[in-house]
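The primary structure of each chain is shown beneath.
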Amino acid sequence: AATAYARAAAPKEAAPLAKVARDDTVATVRAAAITGLGRSRAYEEMDTLLAAMNDDDIVVRRRAAESVVLLIGRRYRYDPNGSPAQRLKSIAVIRAFWTKAKGVAGEYYDTVRKRRRQAAKKD
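Residues numbered from 1 in each chain as written. Predicted model: local features only at pLDDT ≥ 70, side-chain atom pairs only at ≥ 80, totals over all residues. Heavy atoms only, no water.

1. Quick word on the nonpolar core
If you look at the biggest cluster of nonpolar residues, it comprises 27 residues, and the most contacted ones within it are Ile34, Leu37, Met46, Leu49, Leu50, Met53 and Val68. Mapped onto this core, the elements with two or more residues apiece are helix H2 (15-23), helix H3 (27-39), helix H4 (46-52), helix H5 (58-72) and helix H6 (84-122). The biggest single contributor to this core is H5, with six residues. When near neighbours in sequence (up to four residues on either side) are disregarded, Val68 contacts Met46, Leu49, Leu50, Met53, Gly73 and Ile94. (Core = buried A, V, L, I, M, F, W, Y, C linked by side-chain atoms within 4.5 Å. Buried < 20%, exposed > 50% of the residue type's maximum accessible area, 1.4 Å probe, protein only. Helix = DSSP H or I, 4+ residues; strand = E, 2+ residues; numbered from the N terminus. Contact = heavy atoms within 4.5 Å.)

Now the structure itself:
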């Protein structure tokens, strides 16, 4: 259900998916929600993705890292198998970058979405 919602929902409608990513008790469901947030380019939910990079479950951490790379377009020295202290250090570096870049990223993704809607109308 989380994956299907991510395919159908607009990125600005990602709040329910982010809630699942944060609160569901089943790791595979959280991982699917995290993947959906990344695929839908829900940059507004970066805090959820960054928090998931320190989840107790390794699959959730890996999916969160993949989603963050999709949104930021950069890889960082982040090891999902690293200690919690190592993970938190990497997350802090990513968060600092995102704080500076999120405005530009938002404009970019909004422009891409607008162009896709216009192209779909022409078809």
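2. Overview of the packing of aromatic side chains
Using the criterion set out here, one finds one aromatic pair in the structure. For the pair Tyr76 and Phe97, a centre-to-centre distance of 6.1 Å together with 55° between the ring planes defines the contact as tilted. Of this pair, Tyr76 sits in the loop between H5 and H6 while Phe97 is found in helix H6, placing the two residues 21 residues apart along the sequence. Residue Phe97 is classed as partly exposed on the basis of its relative accessible area of 24%. (Phe/Tyr/Trp six-rings, centres within 6.5 Å; stacked < 30°, edge-to-face > 60°.)

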